[in-house]
Amino acid sequence: MDRTISILGSTGSIGRQALDVVRAQGWRVCALTAWGNIELLEEQIREFRPALAVVVKEEAAETLRIRTADTSTKILSGPAALCEAAVLPEAETALNAVVGIAGLQPTLAAIEAGKTVALANKETLVAGGELVMAKAAEKKVPILPVDSEHSAIFQCLQGQPRRSLEKILLTASGGPFFGYTKEALRRVKPADALRHPNWSMGAKITVDSATMMNKGLEVIEACHLFGVGPDDVEIVVHRESIIHSGVAFSDGAVIAQLGAPDMRLPIQYALTYPDRLPCPGKGLSLTDIGKLTFYKPDLDTFACLAACLEAARAGGLRPAAANGANEEAVALFLREKISFLQIGELVAQAAARQKAVPAACLEAVLEADRAAREFVRQAAR
Ligand code: NDP
Ligand code: MG
């Protein structure tokens, strides 16, 4: 199998693992992007020789241009250049592994250009899901999920009649604060929130896992990807992260996808679908694991999760507001400007302030995002 791919967010956790897959399969990469990590981007340029590399931060781009003058890679800068990376004619697939709503416009640009989109950037679907899915349907472009749970659901649905789908079982590790009370969460610091039990990920999603915002975002992501409502998604806390999610059918059958917790499998599946190829990483031994456990989520303690479910039910621009508020609140928490519990309070308040009017256009989504961020910044003063 031969592949040429654009990788947006190549210096991040997903981006680096995607390059492991590309290296192992001997595929080509035509575009790589970073926000500002030019040291790693330079290494990647020298190894993968893409036609284009984008650094969003302007000053860093100039330094990289000088450092890579001996290569044939063109260096562009600024957020708009991410869209250029997403639409290069050589690429069949654009893998979007940027973090945050910064990924929305490149996703739309890739779809507009008819690229298959391998989507890790969940914020894209949470904030702009209506626009993205409508554009993908119009252009007949597949959106292939990279998020492990959504990849699992997608795998379980292969060859099954959609009309018989009863519900989605969305598994959650529960994060580092599983079993904590609100009182215990009061004392939590960024370093505690950044220690995830099962996965090594970027800082933002690691905090999202600790607040369980990540699971709330994933419910909304699942609704868009699989055309279900939030009440058709059951969250199951599963500490071992071996069952990556499942689906229940009307005849009572439950099909789940299992595997070692390693993102390279869902990344690779999104790039080889519908085929499967040997993948770097170790296989799964159920007898070594021995026991799997399951719990209900604690919606009283994890306010972000409750806020996302409410936003998902209200629909329209509410999820965009919840997402924007969360991005801002997580950044403030990591700089120790607000407490861990304030993240959930601010997300709930910002979402409730947003009118649940339909997400009619990109400008409306970006305005809901902007207003929610502004609200959080003001409230944190
Ligand atoms: P990281 O923070 O590790 O990487 C983010 C990437 O995006 C980096 O390349 C970073 O560049 C770049 N970036 C950051 N900010 C911007 C911006 N404003 N504009 C353009 N590029 C930017 O994140 P992850 O890889 O952990 O996550 C990426 C996405 O995948 C997220 O949406 C996350 O929710 C999702 N995801 C991640 C999983 C994981 O295991 N990590 C699992 C499932 C989903 P630089 O390095 O220069 O900062
Ligand atoms: Mg996930």
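Above this text is the structure in question.
Figured I'd write up the structure that's included with this text. Note that the coordinates shown come from a computational prediction; the quantities given were computed from them, not determined experimentally. (Residues numbered from 1 in each chain as written. Chains lettered and ligands numbered in written order. Predicted model: local features only at pLDDT ≥ 70, side-chain atom pairs only at ≥ 80, totals over all residues. Heavy atoms only, no water.)

1. Concerning the overall build of the protein
In step 1: Within the protein one finds 17 helices and 11 strands.
In step 2: The C-alpha radius of gyration computed for the protein amounts to 20 Å, which stays within 12% of the reference 21 Å derived for 381 residues, consistent with globular compactness.
In step 3: Taken along its principal axes, the extent of the C-alpha atoms in the protein is 55 × 50 × 40 Å.
In step 4: Scored against the burial criterion, the 381 residues of the protein give a buried share of 57%.
In step 5: Taking contacts inside the protein between residues at least 6 apart in sequence as the whole, the part at least 24 apart equals 67%.
In step 6: Just so you have it, the protein exposes about 16,000 Å², and 52% of that area is on carbon and sulfur atoms.
In step 7: For the protein, the distance from the average position of its 41 positive side-chain charges to the average position of its 44 negative side-chain charges is 2 Å. (Helix = DSSP H or I, 4+ residues; strand = E, 2+ residues; numbered from the N terminus. Rg over C-alpha atoms; globule rule 2.2 N^0.38 Å. Buried < 20%, exposed > 50% of the residue type's maximum accessible area, 1.4 Å probe, protein only. Contact = heavy atoms within 4.5 Å. Areas by Shrake-Rupley, 256 points an atom, 1.4 Å probe, with all protein chains shown as cover. Lys, Arg positive; Asp, Glu negative; His and termini not counted. Charge placed at Lys NZ, Arg CZ, Asp CG, Glu CD.)

2. Focus: helix α15 (residues 318–334)
In step 1: Helix length check: α15 (17 residues) gives 24 Å between terminal C-alpha atoms against 24 Å at 1.5 Å per residue, within 8%.
In step 2: Burial of α15 is extensive: 14 of the 17 residues sit out of reach of the surface.
In step 3: Looking one or two residues past α15, E336 carries a phi angle of roughly 60°, positive in sign. (Expected span 1.5 Å × (residues − 1).)

3. Let's talk about the packing of helix α10 (residues 203–211) against helix α11 (residues 213–226)
In step 1: In the contact formed by α10 and α11, the axes pass within 5 Å of each other and the chain directions differ by 95°. Judged by the angle between their axes, α10 and α11 are roughly perpendicular. The residues of α11 that touch α10, namely those facing K204, I205, D208, S209 and T211, are M213, N214 and L217.
In step 2: A breakdown of the residues in the contact of α10 with α11 according to their chemical character gives 3 nonpolar, 3 polar and 2 charged. (Axes fitted to C-alpha atoms, helices over the stretch in contact; angles between N-to-C directions. Parallel < 35°, antiparallel > 145°, perpendicular 65-115°, else oblique. Nonpolar A, V, L, I, M, F, W, Y, C, P; charged D, E, K, R; others polar.)

4. A closer look at the packing of aromatic side chains
In step 1: On inspection of all chains with the given rule, the structure shows 7 aromatic pairs.
In step 2: Taken together, a centroid distance of 4.9 Å and an interplanar angle of 55° make the contact between F154 and Y273 tilted. Of this pair, F154 sits in helix α7 (residues 148–157) while Y273 sits in the loop between α12 (264–272) and α13 (286–289), and the two are 119 residues apart along the sequence.
In step 3: The buried category is assigned to F154, whose relative accessible area is 13%.
In step 4: By relative accessible area, Y273 is classed as partly exposed at 27%. (Phe/Tyr/Trp six-rings, centres within 6.5 Å; stacked < 30°, edge-to-face > 60°.)

5. Considering the sheet that holds strand β4 (residues 74–77)
In step 1: Spatially, the 7 strands line up as an open sheet ordered β4-β3-β2-β1-β5-β6-β7, and their pairing is parallel. Only two strands of the sheet have a single partner each, and these edge strands are β4 and β7 (143–145). Averaged over neighbouring strand pairs, the angle between their axes works out to 20° when direction is ignored.
In step 2: Across 4 bridges, strand β5 (residues 93–96) lies against strand β6 (residues 116–119) in parallel orientation. Within β6, the position partnered with L95 by the bridge is A118. (Pairing = 2+ DSSP bridges.)

6. Let's talk about the coordination of the magnesium ion (ligand 2)
In step 1: Within the protein, the magnesium ion (ligand 2) binds to D147 (OD), E149 (OE) and E218 (OE); these donor distances fall in the range 2.0 to 2.2 Å.
In step 2: Sequence positions of the residues that donate to the magnesium ion (ligand 2) give the spacing D-x1-E-x68-E. With a gap of 71 residues between them, D147 in the loop between β7 and α7 and E218 in helix α11 connect regions that are remote in the sequence. Just as D147 is buried, E218 falls in that class too. (Donors = N, O, S within 2.8 Å, 3.2 Å for Na, K, Ca; no water.)

Just geometry here; none of it tells us what the structure is for.
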